[in-house]
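# Secondary and tertiary structure notes
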Amino acid sequence: MPPPLELTLILAATRDMGIGLNGTLPWTGLKREMAYFARVTKRVPPSLPPTTLNAIIMGRKTWDSIPARFRPLKGRLNVVISRSVTAAPSYPRDANAEPVMASSLEQALAFLREQQTQTQPLGRVFVIGGAQIYGAALGLRETRRILLTRVVSDFECDVRFPLQLEEGTEGWKRAEQGEFEGWVGEKVEEGEEGEQEENGTRYEFQMWERVD
Ligand code: NDP
(Lines give C-alpha, C1' and ligand atoms only; values in the text may rest on other atoms or scores of the structure.)
Protein backbone atom coordinates (compact mmCIF):
# COMPACT_ATOMS: atom_id res chain seq x y z
CA MET A 1 0.00 0.00 0.00
CA PRO A 2 1.45 3.42 -0.92
CA PRO A 3 1.39 5.99 1.92
CA PRO A 4 -1.71 8.22 2.00
CA LEU A 5 -1.44 11.28 -0.18
CA GLU A 6 -0.54 14.43 1.78
CA LEU A 7 -0.77 17.97 0.49
CA THR A 8 1.67 20.76 1.30
CA LEU A 9 0.70 24.33 0.41
CA ILE A 10 3.59 26.60 -0.50
CA LEU A 11 3.22 30.37 -0.78
CA ALA A 12 4.74 33.75 -0.10
CA ALA A 13 2.41 36.21 1.63
CA THR A 14 2.48 39.59 3.30
CA ARG A 15 1.45 39.97 6.96
CA ASP A 16 -2.20 40.36 5.89
CA MET A 17 -1.85 37.34 3.57
CA GLY A 18 -1.55 39.28 0.29
CA ILE A 19 -0.21 36.97 -2.44
CA GLY A 20 -0.98 38.58 -5.82
CA LEU A 21 -1.52 41.80 -7.76
CA ASN A 22 -2.91 42.17 -11.31
CA GLY A 23 -2.52 38.46 -12.06
CA THR A 24 1.09 38.30 -11.00
CA LEU A 25 3.25 38.45 -7.85
CA PRO A 26 3.17 41.76 -5.92
CA TRP A 27 6.99 41.80 -5.68
CA THR A 28 9.89 41.24 -8.06
CA GLY A 29 13.52 40.30 -7.72
CA LEU A 30 13.27 37.71 -4.93
CA LYS A 31 15.69 35.33 -6.67
CA ARG A 32 16.81 33.49 -3.53
CA GLU A 33 13.19 33.01 -2.50
CA MET A 34 12.30 31.60 -5.92
CA ALA A 35 15.34 29.31 -5.83
CA TYR A 36 14.17 28.01 -2.42
CA PHE A 37 10.71 27.31 -3.92
CA ALA A 38 12.30 25.40 -6.82
CA ARG A 39 14.62 23.33 -4.58
CA VAL A 40 11.96 22.42 -2.04
CA THR A 41 9.29 21.49 -4.58
CA LYS A 42 11.78 19.37 -6.59
CA ARG A 43 13.50 17.60 -3.68
CA VAL A 44 12.38 14.00 -3.20
CA PRO A 45 12.82 12.36 0.22
CA PRO A 46 15.93 10.10 0.11
CA SER A 47 13.83 7.06 1.08
CA LEU A 48 12.07 7.14 -2.32
CA PRO A 49 13.43 5.70 -5.62
CA PRO A 50 15.63 8.14 -7.61
CA THR A 51 13.13 8.22 -10.53
CA THR A 52 10.46 9.70 -8.24
CA LEU A 53 8.88 12.99 -9.34
CA ASN A 54 7.06 15.45 -7.06
CA ALA A 55 3.80 17.03 -8.27
CA ILE A 56 2.79 20.70 -8.14
CA ILE A 57 -0.89 21.59 -8.44
CA MET A 58 -2.00 25.07 -9.52
CA GLY A 59 -5.05 27.00 -10.68
CA ARG A 60 -5.37 28.00 -14.32
CA LYS A 61 -4.66 31.68 -13.51
CA THR A 62 -1.40 30.81 -11.76
CA TRP A 63 -0.42 28.67 -14.77
CA ASP A 64 -1.18 31.68 -17.02
CA SER A 65 0.99 33.89 -14.80
CA ILE A 66 4.11 31.78 -15.50
CA PRO A 67 5.95 32.99 -18.65
CA ALA A 68 5.40 30.42 -21.44
CA ARG A 69 9.13 29.70 -21.74
CA PHE A 70 9.31 28.60 -18.08
CA ARG A 71 6.29 26.29 -18.03
CA PRO A 72 5.72 23.54 -17.20
CA LEU A 73 7.99 24.19 -14.21
CA LYS A 74 10.80 21.70 -14.81
CA GLY A 75 11.56 18.59 -12.79
CA ARG A 76 8.05 18.35 -11.34
CA LEU A 77 4.75 16.95 -12.60
CA ASN A 78 2.66 20.10 -13.25
CA VAL A 79 -1.09 19.73 -12.68
CA VAL A 80 -3.41 22.58 -13.77
CA ILE A 81 -7.01 22.91 -12.51
CA SER A 82 -9.63 24.51 -14.78
CA ARG A 83 -13.41 24.19 -15.04
CA SER A 84 -13.04 24.16 -18.84
CA VAL A 85 -11.37 20.71 -18.77
CA THR A 86 -13.68 17.98 -20.09
CA ALA A 87 -11.34 15.01 -20.68
CA ALA A 88 -10.13 12.78 -17.83
CA PRO A 89 -6.57 13.62 -16.68
CA SER A 90 -3.79 11.64 -18.34
CA TYR A 91 -0.05 11.35 -17.75
CA PRO A 92 1.87 13.49 -20.28
CA ARG A 93 4.36 11.77 -22.59
CA ASP A 94 6.93 14.31 -21.39
CA ALA A 95 6.23 15.92 -17.99
CA ASN A 96 8.74 18.68 -18.83
CA ALA A 97 6.72 19.62 -21.95
CA GLU A 98 3.08 19.53 -20.91
CA PRO A 99 0.96 19.60 -17.76
CA VAL A 100 -1.75 17.27 -16.55
CA MET A 101 -5.13 19.04 -16.85
CA ALA A 102 -7.91 18.33 -14.33
CA SER A 103 -11.40 19.78 -13.83
CA SER A 104 -11.20 19.94 -10.01
CA LEU A 105 -8.74 19.52 -7.17
CA GLU A 106 -10.52 16.30 -6.15
CA GLN A 107 -10.11 14.89 -9.67
CA ALA A 108 -6.42 15.85 -9.63
CA LEU A 109 -5.89 14.03 -6.32
CA ALA A 110 -7.73 10.92 -7.53
CA PHE A 111 -5.47 10.91 -10.61
CA LEU A 112 -2.30 11.34 -8.51
CA ARG A 113 -3.35 8.51 -6.19
CA GLU A 114 -3.62 6.21 -9.22
CA GLN A 115 -0.13 7.29 -10.34
CA GLN A 116 1.33 6.09 -7.02
CA THR A 117 0.93 2.53 -8.24
CA GLN A 118 2.27 3.11 -11.76
CA THR A 119 5.81 2.92 -13.13
CA GLN A 120 6.69 6.59 -12.51
CA PRO A 121 6.65 6.86 -8.70
CA LEU A 122 5.06 9.97 -7.24
CA GLY A 123 6.79 11.82 -4.42
CA ARG A 124 5.47 14.84 -2.58
CA VAL A 125 2.44 16.81 -3.72
CA PHE A 126 2.49 20.62 -3.41
CA VAL A 127 -0.30 23.10 -4.01
CA ILE A 128 1.40 26.21 -5.42
CA GLY A 129 -1.59 28.58 -5.79
CA GLY A 130 -3.42 30.76 -6.34
CA ALA A 131 -5.97 31.84 -3.76
CA GLN A 132 -8.86 29.85 -5.25
CA ILE A 133 -6.95 26.57 -5.27
CA TYR A 134 -5.42 27.23 -1.82
CA GLY A 135 -9.00 27.78 -0.58
CA ALA A 136 -10.14 24.47 -2.03
CA ALA A 137 -7.10 22.69 -0.55
CA LEU A 138 -7.59 24.16 2.95
CA GLY A 139 -10.97 22.38 3.03
CA LEU A 140 -9.38 18.95 2.44
CA ARG A 141 -8.14 16.65 5.21
CA GLU A 142 -5.13 15.74 2.99
CA THR A 143 -3.70 19.25 3.57
CA ARG A 144 -1.20 18.80 6.43
CA ARG A 145 1.37 21.54 6.06
CA ILE A 146 1.96 25.09 4.82
CA LEU A 147 5.37 26.36 3.75
CA LEU A 148 5.00 30.10 4.16
CA THR A 149 7.44 32.77 3.14
CA ARG A 150 6.27 35.60 5.36
CA VAL A 151 6.95 38.84 3.47
CA VAL A 152 7.44 41.47 6.14
CA SER A 153 7.75 44.47 3.83
CA ASP A 154 4.43 46.01 2.71
CA PHE A 155 3.06 45.46 -0.81
CA GLU A 156 -0.24 46.36 -2.45
CA CYS A 157 -2.16 43.15 -3.21
CA ASP A 158 -5.51 42.30 -4.78
CA VAL A 159 -5.50 38.56 -4.02
CA ARG A 160 -5.19 37.09 -0.53
CA PHE A 161 -4.56 33.63 0.92
CA PRO A 162 -7.92 32.73 2.50
CA LEU A 163 -6.57 32.02 6.02
CA GLN A 164 -4.88 34.55 8.31
CA LEU A 165 -2.00 32.34 9.46
CA GLU A 166 -0.46 33.54 12.73
CA GLU A 167 0.20 32.42 16.31
CA GLY A 168 -3.17 31.26 17.67
CA THR A 169 -4.80 30.43 14.30
CA GLU A 170 -7.16 27.55 15.08
CA GLY A 171 -6.04 24.18 13.73
CA TRP A 172 -2.49 25.28 12.86
CA LYS A 173 0.83 25.52 14.70
CA ARG A 174 4.21 26.80 13.59
CA ALA A 175 6.85 24.05 13.35
CA GLU A 176 10.14 24.26 15.25
CA GLN A 177 13.21 25.11 13.15
CA GLY A 178 14.66 21.56 13.41
CA GLU A 179 11.45 19.94 12.31
CA PHE A 180 11.10 22.45 9.45
CA GLU A 181 14.66 21.83 8.21
CA GLY A 182 14.20 18.06 8.55
CA TRP A 183 11.11 18.14 6.36
CA VAL A 184 12.42 20.44 3.62
CA GLY A 185 15.78 18.66 3.66
CA GLU A 186 18.03 21.71 3.97
CA LYS A 187 19.30 24.28 6.42
CA VAL A 188 16.95 27.25 6.30
CA GLU A 189 18.66 30.62 6.51
CA GLU A 190 17.86 32.62 9.58
CA GLY A 191 18.87 36.27 9.50
CA GLU A 192 18.46 38.82 12.27
CA GLU A 193 15.20 38.11 14.13
CA GLY A 194 14.67 35.21 11.71
CA GLU A 195 14.34 37.60 8.75
CA GLN A 196 16.45 37.98 5.66
CA GLU A 197 16.55 40.71 3.05
CA GLU A 198 16.72 40.60 -0.73
CA ASN A 199 16.54 43.72 -2.93
CA GLY A 200 15.15 45.71 0.00
CA THR A 201 12.34 43.19 0.69
CA ARG A 202 12.41 41.48 4.08
CA TYR A 203 11.01 37.98 4.53
CA GLU A 204 11.17 34.88 6.68
CA PHE A 205 10.76 31.17 5.82
CA GLN A 206 8.28 29.32 8.03
CA MET A 207 6.54 25.95 8.19
CA TRP A 208 3.07 25.46 9.70
CA GLU A 209 1.45 22.14 10.51
CA ARG A 210 -2.15 21.15 10.89
CA VAL A 211 -3.09 20.21 14.44
CA ASP A 212 -5.67 17.42 14.51
P1 NDP B 1 -5.89 30.60 -9.34
O2 NDP B 1 -4.48 30.48 -9.76
O3 NDP B 1 -6.35 29.92 -8.09
O4 NDP B 1 -6.74 30.07 -10.60
C5 NDP B 1 -8.13 30.24 -10.62
C6 NDP B 1 -8.69 29.37 -11.71
O7 NDP B 1 -8.60 28.01 -11.31
C8 NDP B 1 -10.17 29.61 -12.00
O9 NDP B 1 -10.37 30.71 -12.86
C10 NDP B 1 -10.54 28.28 -12.62
O11 NDP B 1 -9.99 28.16 -13.93
C12 NDP B 1 -9.74 27.30 -11.76
N13 NDP B 1 -10.52 26.90 -10.58
C14 NDP B 1 -10.66 27.53 -9.39
N15 NDP B 1 -11.45 26.84 -8.57
C16 NDP B 1 -11.83 25.73 -9.25
C17 NDP B 1 -12.65 24.63 -8.94
N18 NDP B 1 -13.27 24.52 -7.75
N19 NDP B 1 -12.83 23.67 -9.88
C20 NDP B 1 -12.22 23.76 -11.08
N21 NDP B 1 -11.41 24.79 -11.44
C22 NDP B 1 -11.24 25.76 -10.53
O23 NDP B 1 -6.33 32.16 -9.34
P24 NDP B 1 -6.31 33.30 -8.22
O25 NDP B 1 -6.83 34.53 -8.89
O26 NDP B 1 -6.96 32.86 -6.97
O27 NDP B 1 -4.76 33.49 -7.92
C28 NDP B 1 -3.87 34.04 -8.89
C29 NDP B 1 -3.02 35.09 -8.23
O30 NDP B 1 -2.26 34.52 -7.17
C31 NDP B 1 -2.00 35.70 -9.20
O32 NDP B 1 -1.85 37.09 -8.88
C33 NDP B 1 -0.73 34.96 -8.86
O34 NDP B 1 0.44 35.67 -9.20
C35 NDP B 1 -0.88 34.81 -7.37
N36 NDP B 1 -0.08 33.74 -6.79
C37 NDP B 1 0.75 34.04 -5.74
C38 NDP B 1 1.50 33.07 -5.12
C39 NDP B 1 2.37 33.41 -3.96
O40 NDP B 1 2.97 32.51 -3.36
N41 NDP B 1 2.49 34.68 -3.57
C42 NDP B 1 1.46 31.67 -5.59
C43 NDP B 1 0.56 31.46 -6.70
C44 NDP B 1 -0.18 32.47 -7.27
P45 NDP B 1 -10.88 28.43 -15.25
O46 NDP B 1 -11.23 29.89 -15.21
O47 NDP B 1 -9.98 28.05 -16.37
O48 NDP B 1 -12.09 27.53 -15.11
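Read on for an overview of the structure. All figures in this text were calculated on a predicted structure; none of them were measured in a lab. (Residues numbered from 1 in each chain as written. Predicted model: local features only at pLDDT ≥ 70, side-chain atom pairs only at ≥ 80, totals over all residues. Heavy atoms only, no water.)

## Re the pattern of salt bridges
Taken as a whole and judged by the stated rule, the model has 13 salt bridges. Note that Lys173 is salt-bridged to Glu209, the shortest N-O span being 3.2 Å. Here Lys173 is found in strand 9 (residues 172-174), whereas its partner Glu209 is found in strand 11 (residues 201-210), with 36 residues between them in sequence. Overall, Glu209 belongs to the buried group, its relative accessible area being 14%. Glu181 is paired through a salt bridge with Lys187; the nearest N and O atoms lie 3.4 Å apart. Here Glu181 falls in the buried class, since its relative accessible area comes to 16%. In this structure, a network of salt bridges that share partners links the residues Arg39, Arg43 and Glu186. (Salt bridge = Lys/Arg side-chain N within 4 Å of Asp/Glu carboxyl O. Helix = DSSP H or I, 4+ residues; strand = E, 2+ residues; numbered from the N terminus. Buried < 20%, exposed > 50% of the residue type's maximum accessible area, 1.4 Å probe, protein only.)

## Section: the environment of Pro49
The residue Pro49 is located in the loop between helix 1 (31-42) and strand 3 (53-59) in this model. The sequence separation of Pro49 and Trp172 amounts to 123 residues, and the corresponding C-alpha distance is 31 Å.

## Topic: the site of the ligand
Around the ligand sit 25 residues in total, of which Ala12, Arg60, Thr62, Ser82 and Arg83 are the nearest. In the environment of the ligand, a nitrogen atom lies 3.0 Å from a nitrogen or oxygen atom belonging to the backbone of Ile19. In this structure, an oxygen atom belonging to the ligand sits 2.9 Å away from a main-chain N or O atom of Gln132. Burial of the ligand by the protein amounts to 85% of the accessible area it has alone, namely 930 Å². Elements represented by at least two residues in the shell around the ligand include exactly strand 1 (7-14), strand 2 (18-20), helix 2 (60-65) and helix 4 (131-138). Per element, the largest residue contribution to the shell around the ligand is four residues, and it comes from helix 4. (Near = heavy atom within 4 Å. Polar contact = N/O pair within 3.5 Å; in protein donor to acceptor, adjacent residues only side chain to side chain. Areas by Shrake-Rupley, 256 points an atom, 1.4 Å probe, with all protein chains shown as cover.)

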